[in-house]
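# Examination of the molecular architecture
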Amino acid sequence: MSQELYSIRMRAAQGGPHESGGRHISGAERIVLEEKIPVTLEKLFLRALKHGLGRPDFINIIIEFISPEKIQKVTSLPVYTIRCRDYLEGRKLARKVLELAGIERRLIERGFNYLLEGCFDCGTNMRGAILMDVNTGCRLEPDPNRGIRASRMDYAPNLEEILSRELEKLGLNNDHVREALCLATKVAHVPGIVAELCWSDDPGYTAGYVASANLGYVRFNYLKEKDSRRGGRIFFIDPTMGKPEEIIKILEQKPCIISKLGPIYSEMTFDEFRKRLKEH
Ligand code: AMP
């Protein structure tokens, strides 16, 4: 049986293709063995049709062979969930985690404001992430309405079942967590990335996270208001550690497979989280 891997990427929009001004509805991607292509295509197609943001009239799905020698293999970030009562507390604690990642307070504030503003032209969700310089606070995406898409990442086929089982024990076994952990792991491994902040645009999903190579994937069950359709991502980068063009190229193009799972912890307070970091 062929062990060759293929990247499958889906994007869906309403009001025409993204490049003609269509509103982004959803995007998802996998890296799978050849034999899994048909079932993956069906899943991604159904996923595009059934998104909480509405029914798309444009769906694009691409299948691409991946050369094995180009694949980077990494261990998934440790998963933490920090206890919070509501999204306001969640955002307060997320700011503290970003400070632990070494980002200045005023620049964290700027990052939050960028996320709350959404894309420049339409005032709605971007398809990709904002790229912010942690030294100047400037946005660095070539197209600020689209943002930068992290792409070509997935779990090794043999890990999926184990991951689902481990997440299940903590009630975290859903597409959002599995996919965000995968994306955050790839992003954190790119030289020059300092941290990431994200909350979903799915109106039914209030959780979000801060991630970084040193801290891990740090979840909050509440990082935005319930029923809100406003979501976004921001990658904080340090251009003295990696050229923005190089960072963008790796984020968008370098295939990355999670070949080993990091630890997954049950919910804890911020103080417990900080203590645990010190112990490591
Ligand atoms: P999601 O977590 O899929 O609900 O996405 C939340 C926000 O993150 C979206 O509104 C986009 O702005 C951004 N986003 C989604 N997928 C990606 C990706 N692959 N790379 C970069 N940003 C993304």
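Being a predicted model, the structure only gives us computed values, none of them experimental.

What follows covers a nonpolar patch on the surface. Taken together, Phe45, Leu46 and Ile61 make up a surface patch of nonpolar side chains, about 220 Å² in accessible area. By relative accessible area, Phe45 is classed as partly exposed at 39%.

The next subject is the sheet that holds strand 1 (residues 5–14). Taken in spatial order, the 3 strands line up as 2-1-3 in an open sheet, and their pairing is antiparallel. With one partner strand each, in any of the chains shown, strand 2 (23–33) and strand 3 (58–66) form the two edges of the open sheet. Sheet twist, expressed as the average angle between the axes of neighbouring strands with direction ignored, equals 15°. Pairing geometry for strand 1 and strand 3, over 9 bridges, is antiparallel. From the neighbouring strand, Ala12 faces strand 3, where its bridge partner is Ile59.

For a regular strand, side-chain orientation follows a simple rule: the groups alternate between the two sheet faces. Taken across its 11 residues, strand 2 has 8 buried, putting it largely inside the fold. As judged from the 10 bridges shared by strand 1 and strand 2, these two strands associate in the antiparallel manner. When the sheet's bridge partners are listed, Arg9 is paired in strand 2 with Glu29.

Considering all chains together, one arrives at 19 salt bridges under this definition. Note that Glu109 is salt-bridged to Arg95, the shortest N-O span being 2.8 Å. On the criterion of sequence distance, the pair formed by Glu109 in helix 3 (residues 105–117) and Arg95 in helix 2 (residues 87–100) is long-range, its members being 14 residues apart. Two residues, Glu196 and Arg233, come together in a salt bridge whose shortest N-O distance is 2.8 Å. You can see Glu196 sitting in strand 8 (residues 193–199) and its partner Arg233 sitting in strand 11 (residues 232–237), a full 37 residues away along the chain. The class for Glu196 is buried, based on a relative accessible area of 1%. What makes Arg233 partly exposed here is its relative accessible area of 22%.

The next point concerns the environment of Pro38. With respect to the helices and strands, the residue Pro38 is situated in helix 1 (residues 37–49). A C-alpha to C-alpha distance of 27 Å links Pro38 and Glu166, two positions 128 residues apart in sequence.

Within the structure shown, the criterion is met by 6 aromatic pairs. Centroid distance Phe112 to Trp199: 5.9 Å. Interplanar angle 35°. Geometry classified as tilted. One end of the pair, Phe112, is in helix 3; the other, Trp199, is in strand 8, and 87 residues separate them in sequence. Classification of Phe112 by relative accessible area gives buried; the value is 1%. With 6.3 Å between their ring centres and 45° between their planes, Phe270 and Phe273 make a pair best called tilted. Of this pair, Phe270 and Phe273 both sit in helix 7 (residues 270–279), separated by 3 residues, roughly a single helical turn. Taken individually, Phe270 and Phe273 each receive the classification buried, so the pair is uniform in this respect. Connected via pairs of aromatic rings, a cluster forms that spans Tyr80, Tyr265, Phe270 and Phe273.

Cut-offs applied
- Throughout, a residue's number is its position along its own chain's written sequence, starting from 1.
- Predicted model: local features are reported for residues with pLDDT of at least 70 only, side-chain atom pairs are reported and counted for 80 or more only, and whole-chain, interface and lining totals are derived from all residues.
- To obtain the side-chain values, all non-hydrogen atoms of the structure were used and water was disregarded.
- Only residues whose relative accessible area exceeds 30% and that form no salt bridge are eligible for patches; like-charged ones are grouped when within 9 Å, while nonpolar side chains (Val, Leu, Ile, Met, Phe, Trp, Tyr) are grouped when within 5 Å.
- To measure how exposed things are, a 1.4 Å probe is used in the Shrake-Rupley method; for residues, cover is taken only from the protein chains shown.
- We count a salt bridge whenever a side-chain nitrogen from Lys or Arg sits within 4 Å of a carboxyl oxygen from Asp or Glu.
- Between buried and exposed lies partly exposed: a residue is buried under 20% and exposed over 50% of the maximum accessible area for its type, with that area taken using a 1.4 Å probe on protein chains only.
- What makes two strands pair is DSSP finding at least two bridges between them.
- Note on conventions: DSSP H or I runs of at least 4 residues are helices, E runs of at least 2 residues are strands, and numbering of each starts at the N terminus.
- Angular values range over 0 to 180 degrees, each being the angle between N-to-C directions of two axes fitted as lines to C-alpha atoms, with helices fitted over their stretch in contact.
- Here a Phe, Tyr or Trp ring, Trp counted by its six-membered ring, pairs with any other such ring whose centre lies within 6.5 Å, and the pair is stacked when the planes are under 30 degrees apart, edge-to-face when over 60, and tilted otherwise.

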